[in-house]
Amino acid sequence: MVGKIVGTGSYVPDTIWDNHKIAQFVETSDEWIRERTGIGKRHIAGVDTTVSMAIEAAKRAVENAITNGAIASGEEIDAIFVCAVAPEILLPAVACEVQKEVGAIHAFAYDMNAACSGFVFAYNQAVSFMNIGMIKTALIIGSEHLSRITDWTDRGSCILFGDGAGAVVVTAASGPLGMVMHSDGSGGAALVCSHDGKMKMDGQKVFRFAVKSVPECVEELMRQMKIKEEDVDYYVLHQANQRIIEAAAKRLKVSMDKIPMNIGEYGNTSSASIPILLDEMNRKGMLEGGKRIVMAGFGAGLSWGAGYVLTQ
Ligand code: COA
């Protein structure tokens, strides 16, 4: 049993800060940021919150699943998982706020924090519940208000992050099962944030970790599933840095045609990056015709993992 994407949605705030705007706060340039990261701009939440962005993305995903004929209403959703690094509220869970807005009255709902690996971890968890027969349909959301924990005086990190939310409705389908999840708390100091503080990052350490861990966990997943490069239509990787994605492609010997990217538009939106990208692919028709997708995420923790998903 595997997950099949039947609906997607996303929401990003209207306010856009391009690299020139960032250069007003810290000594940097559009050229430096583009060359080192591939990022051109990011969306910044003004009145938006983790909850409001999650709700909007979720509503769009549920509507899309209804339009696709996969579900009749939100009542068919069995579980809601929201991944969020910095929700403004501690209680109730963001997932419960989403539940009441999408009419998922039968769903259980809770939040998870696995940083930028969040979406992949939550998806794998949903598939695990599907395989023990506990759920059939899940709504998985990444909603990130990172600008509130970004240190806008640190040019080594503030150039990277953006706000936004992405949501995916998945249903249980027959297909090959595979999942990979890893954590290494001994490396946790590379990316930290206290409750009332701002993110601090050792960029080079995270970079070295990412270029190794992303291809390794993709290879591990494909070995586990006994699938080959030709069995995968797309590799949807966490959008943290264009150079990390290109390095992973090189190591995996995969053409960039199979690795969609949107980091230029949004920066790193943590657990929202993969579902926002999946939603863009869906709107462009790229998910039509039963696609086979490998997803991989990595981030603070340290944490990293990969998952396998089908499309309608
Ligand atoms: N603009 C201009 N110069 C900058 C800069 C900026 N925004 N940020 C750093 N620099 C400078 C440094 O001060 C340093 O100068 P020095 O040589 O005079 O000391 C030089 O550029 C190189 O710094 P370095 O940290 O080695 O740059 P880098 O090539 O590693 O790029 C990152 C920095 C953050 C872009 C890169 O390390 C990265 O993307 N890491 C991964 C981070 C990540 O993905 N985090 C999220 C994980 S989910």
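The model shown is predicted, which means the values in this text are computed figures rather than measured ones.

The rules behind these values
Residues numbered from 1 in each chain as written. Predicted model: local features only at pLDDT ≥ 70, side-chain atom pairs only at ≥ 80, totals over all residues. Heavy atoms only, no water. Near = heavy atom within 4 Å. Polar contact = N/O pair within 3.5 Å; in protein donor to acceptor, adjacent residues only side chain to side chain. Areas by Shrake-Rupley, 256 points an atom, 1.4 Å probe, with all protein chains shown as cover. Helix = DSSP H or I, 4+ residues; strand = E, 2+ residues; numbered from the N terminus. 1 Å grid on protein atoms, 1.4 Å probe; cavity = no way out; pocket = protein on both sides within 12 Å on 5 of 7 lines; lining within 4 Å. Points joined across faces, edges and corners; volume = space filled by probe spheres on them. Nonpolar A, V, L, I, M, F, W, Y, C, P; charged D, E, K, R; others polar. Core = buried A, V, L, I, M, F, W, Y, C linked by side-chain atoms within 4.5 Å. Buried < 20%, exposed > 50% of the residue type's maximum accessible area, 1.4 Å probe, protein only. Contact = heavy atoms within 4.5 Å. Expected span 1.5 Å × (residues − 1). Phe/Tyr/Trp six-rings, centres within 6.5 Å; stacked < 30°, edge-to-face > 60°. Axes fitted to C-alpha atoms, helices over the stretch in contact; angles between N-to-C directions. Parallel < 35°, antiparallel > 145°, perpendicular 65-115°, else oblique. Left-handed = near helix turned anticlockwise from the far one by under 90°. Salt bridge = Lys/Arg side-chain N within 4 Å of Asp/Glu carboxyl O.

Participant: Explain the site of the ligand to me, please; I cannot follow it from the model alone.
Facilitator: Close contacts around the ligand come from 23 residues, with Thr28, Arg36, Arg155, Gln204 and Asn241 the closest. Within the side chain of Asn241, an N or O atom sits 2.7 Å from an oxygen atom of the ligand. Considered on its own, the ligand offers 960 Å² of accessible surface; in the complex 73% of this is hidden by protein. Among the secondary structure elements, those contributing two or more residues to the shell around the ligand are helix H2 (30–37), helix H6 (203–225), helix H7 (242–252) and strand E12 (292–299).

Participant: What is the right way to read the layout of surface pockets from this model?
Facilitator: Think of a ball as big as a water molecule: rolled over the atoms, this probe shows where empty space is left. The space that makes up the largest pocket amounts to roughly 440 Å³. What lines the largest pocket is a set of 24 residues, among which Leu160, Met201, Gly203, Phe207 and Asn241 lie closest to the centre. No other element matches H6, which puts 4 residues into the lining of the largest pocket. A class-by-class count of the residues in the lining of the largest pocket yields 13 nonpolar, 8 polar and 3 charged. Here the second largest pocket is characterised by a volume of approximately 310 Å³. Taken together, 14 residues make up the lining of the second largest pocket; nearest its centre are Val85, Ala86, Ile149, Ser194 and His195.

Participant: How do you make sense of the nonpolar core when you look at a structure like this?
Facilitator: The biggest cluster of nonpolar side chains holds 82 residues, and the ones touching the most others in it are Phe81, Ile140, Val170, Tyr235, Val236, Leu278 and Met295. Each residue touching Phe81, except ones within four places of it in the same chain, is listed here: Phe108, Tyr110, Met112, Ala122, Gln125, Ala126, Phe129, Ala138, Leu139, Ile140 and Ile141. Grouped together as the second largest cluster of nonpolar side chains are 28 residues, Val51, Ala109, Leu139 and Ala165 included.

Participant: How should I be thinking about H6 in this particular structure?
Facilitator: Each α-helix turn comprises 3.6 residues. Residues three or four places apart therefore point the same way. Here H6 spans 33 Å end to end across 23 residues, near enough to the 33 Å set by a 1.5 Å rise per residue. Taken together, the buried positions of H6 are occupied by Val206, Phe209, Ala210, Ser213, Val214, Pro215, Cys217, Val218, Leu221, Met222 and Met225. Backbone geometry just downstream of H6 places Lys226 in the positive-phi region, at approximately 55 degrees.

Participant: Help me out: how do you make sense of the environment of Gly290 in this one?
Facilitator: Relative to the elements of secondary structure, Gly290 occurs in the loop between helix H9 (273–283) and E12. Take Gly290: its relative accessible area is 37%, and that puts it in the partly exposed class. Gly290 sits 22 residues away from Gln312 along the chain, and the two C-alpha atoms are 5.0 Å apart. Residues within four places of Gly290 in sequence aside, it is in contact with Asp233, Thr311 and Gln312.

Participant: Honestly, the packing of aromatic side chains in this entry has me stumped. Any pointers?
Facilitator: The geometry of an aromatic ring pair is captured by the separation of the ring centres together with the interplanar angle, meaning the angle of the planes. All told, the structure shown has 10 aromatic pairs when counted by the stated rule. With a centroid separation of 5.9 Å and an interplanar angle of 70 degrees, the aromatic rings of Phe25 and Trp152 are classed as edge-to-face. With Phe25 in the loop between helix H1 (19–22) and H2 and Trp152 in the loop between strand E6 (137–144) and strand E7 (164–173), the pair connects residues that are 127 residues apart, well separated along the chain. A centroid spacing of 6.1 Å and a plane angle of 20 degrees characterise the contact between Phe108 and Tyr110, whose relative ring orientation is stacked. Here a set of aromatic residues connected by ring pairs shows up, and it is made of Phe81, Phe108, Tyr110 and Phe129.

Participant: I keep staring at the packing of H6 against H7 and nothing clicks. Help me out?
Facilitator: Each pair of packed helices gets described by two things: the angle between the helix axes and the distance between those axes. Packing of H6 against H7 leaves a shortest axis separation of 9 Å and a crossing angle of 40 degrees. When the interaxial angle is binned, H6 and H7 end up oblique. When the axes of H6 and H7 are compared, the crossing they make is right-handed. Contacts between H6 and H7 involve Phe207, Ala210, Val211, Lys212, Val214, Pro215, Glu216, Val218 and Glu219 on the former and, on the latter, Arg243, Ile244, Ala247, Ala248, Arg251 and Leu252. Its residues assigned to classes, the contact of H6 with H7 shows 10 nonpolar, no polar and 5 charged.

Participant: Got a minute to help me understand the packing of helix H3 (residues 50–67) against helix H4 (residues 94–101) in this structure?
Facilitator: The geometry of H3 relative to H4 is characterised by a closest axis approach of 9 Å and an angle of 45 degrees between their N-to-C directions. Comparing their axes, H4 and H3 come out oblique. Considering the relative orientation of H3 and H4, their crossing is right-handed. Residues Thr50, Val51, Ala54, Ile55, Ala58 and Lys59 of H3 touch H4, and the partners they reach there are Val94, Glu97, Val98 and Glu101. Residue classes in the contact of H3 with H4 are distributed as 6 nonpolar, 1 polar and 3 charged.

Participant: Teacher, can you tell me more about the pattern of salt bridges here?
Facilitator: Think of it this way: side chains of opposite charge can pair up when their charged atoms draw near. Using the criterion set out here, one finds 10 salt bridges in the structure. In this structure, Lys59 and Glu101 form a salt bridge, with 4.0 Å as the shortest nitrogen-oxygen distance. Within this pair, whereas Lys59 is found in helix H3, its partner Glu101 is found in helix H4, the two being separated by 42 residues in sequence. Note on Glu101: relative accessible area 36%, which makes it partly exposed.

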